[in-house]
Each structure stands twice: as structure tokens, then as C-alpha cells.
Amino acid sequence: MSRSLEDLTALVSEVSDTYASRNDIARDDDWYLLKVQEELGELVAEYLRGTGRGRMKGADAAAVRTALEDEAADVLAMLLLFARNNGIDLDAALERKWFKYLGRSPKV
């Protein structure tokens, strides 16, 4: 199922709000960026495990792959929350920063 960034942000915001409420977590401006960094670190750890440069801790390749995918989802979710908290329109930023190059041939 394909969802827009706006739809994804609304869904992860709902999950984050529930998690913060249930666990009495105060989310200030710093919290969002620090969580992006934390989740990125966890993604790196799973990548290293999957590429034979980290301890397997009893996990098999399939479990490590699932963990890698889950951590990638965490990074994306936290980035969406960070952007929302900071008033960043990711759709507009992608258009401006990345998609302006579509259809253009590289200069040689």
C-alpha cells in the first residue's frame, strides 16, 4: 500500500503520541533530533551485524534482516516526526533539493 508523506506522518504521530503518553515521555524540540540520532545508531548496528562486522548475539541472518528493516522504519518515522515538529515540508524540500534534477542529463 502506498501512502503519502503526509499520511505516514499522521500515522507515526499517532503512534508516537500514544507511546509518549503511556510512558510519560516529555518530547521537547531536542528530543526529536536526538531520537533520529538514536535510531540511526541502531540502524548502523544492524547493518554492521548483517555485513559480518557486528556481533550476531545469537540471531540468524533472517532475524538480522528483519531488525535492519525495522530500524530503517524507525529512522524514517523519527525523521517524519522531526520534520513535523520543526515545520519542515518534506514534499517541498524533496522537490526543491532532489527532484529538480529529474529529466536532466548530466554535464560532461
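Q: For this particular structure, what's the right way to read unusual backbone geometry?
A: Negative phi is the rule for most residues except glycine; trans is the rule for most peptide bonds. The residue Asp24 is not glycine, and still its phi comes out positive at about 50°. Since its relative accessible area comes to 74%, Asp24 is described here as exposed. If you check the backbone angles, Lys57 has positive phi at about 50° while not being a glycine. Residue placement: Lys57 occurs in the loop between helix H2 (29–50) and helix H3 (61–85). For Lys57, a relative accessible area of 63% corresponds to the exposed category.

Q: Mind showing me how you'd approach the nonpolar core here?
A: Soluble, globular proteins show a tendency: their nonpolar side chains are buried together. By size, the foremost hydrophobic cluster in this structure holds nine residues: Val12, Trp31, Tyr32, Val36, Ala77, Met78, Leu80, Leu81 and Phe82. Elements represented by at least two residues in this core include exactly H2 and H3. The element that contributes the greatest number of residues to this core is H3, accounting for five residues. Look past the residues within four positions of Trp31 in its chain and what remains in contact with it is Ser16, Ile25, Ala26 and Met78.

Q: Would you take a moment to explain a positive patch on the surface for this structure?
A: A contiguous patch of positive charge on the surface is contributed by Arg96, Lys97, Lys100 and Arg104. As for its placement among the helices and strands, Arg104 is situated in the segment after helix H4 (90–97). For Arg104, a relative accessible area of 55% puts it in the exposed group.

Q: Looking at this model, I keep getting lost on the pattern of salt bridges. Mind explaining?
A: Side-chain pairs of opposite charge can arise where the charged atoms are in close proximity. Per the stated rule, a full pass over the model turns up five salt bridges. Taking the shortest distance from any N to any O, the salt bridge between Lys35 and Glu38 comes out at 2.9 Å. A residue pair is termed a helical-turn pair when its members lie 3 or 4 positions apart in one helix, as Lys35 and Glu38 do in helix H2 at three residues. We note a salt bridge from Lys35 to Glu39, for which the minimum N-O separation is 3.7 Å. Here the residue Lys35 and the residue Glu39 both occupy positions in helix H2, the gap between them amounting to four residues, near one helical turn.

About the thresholds
Residues numbered from 1 in each chain as written. Predicted model: local features only at pLDDT ≥ 70, side-chain atom pairs only at ≥ 80, totals over all residues. Heavy atoms only, no water. Buried < 20%, exposed > 50% of the residue type's maximum accessible area, 1.4 Å probe, protein only. Helix = DSSP H or I, 4+ residues; strand = E, 2+ residues; numbered from the N terminus. Core = buried A, V, L, I, M, F, W, Y, C linked by side-chain atoms within 4.5 Å. Contact = heavy atoms within 4.5 Å. Patch = residues over 30% accessible without salt bridge, like charges linked within 9 Å, V, L, I, M, F, W, Y side chains within 5 Å. Areas by Shrake-Rupley, 256 points an atom, 1.4 Å probe, with all protein chains shown as cover. Salt bridge = Lys/Arg side-chain N within 4 Å of Asp/Glu carboxyl O. Lys, Arg positive; Asp, Glu negative; His and termini not counted. Charge placed at Lys NZ, Arg CZ, Asp CG, Glu CD.

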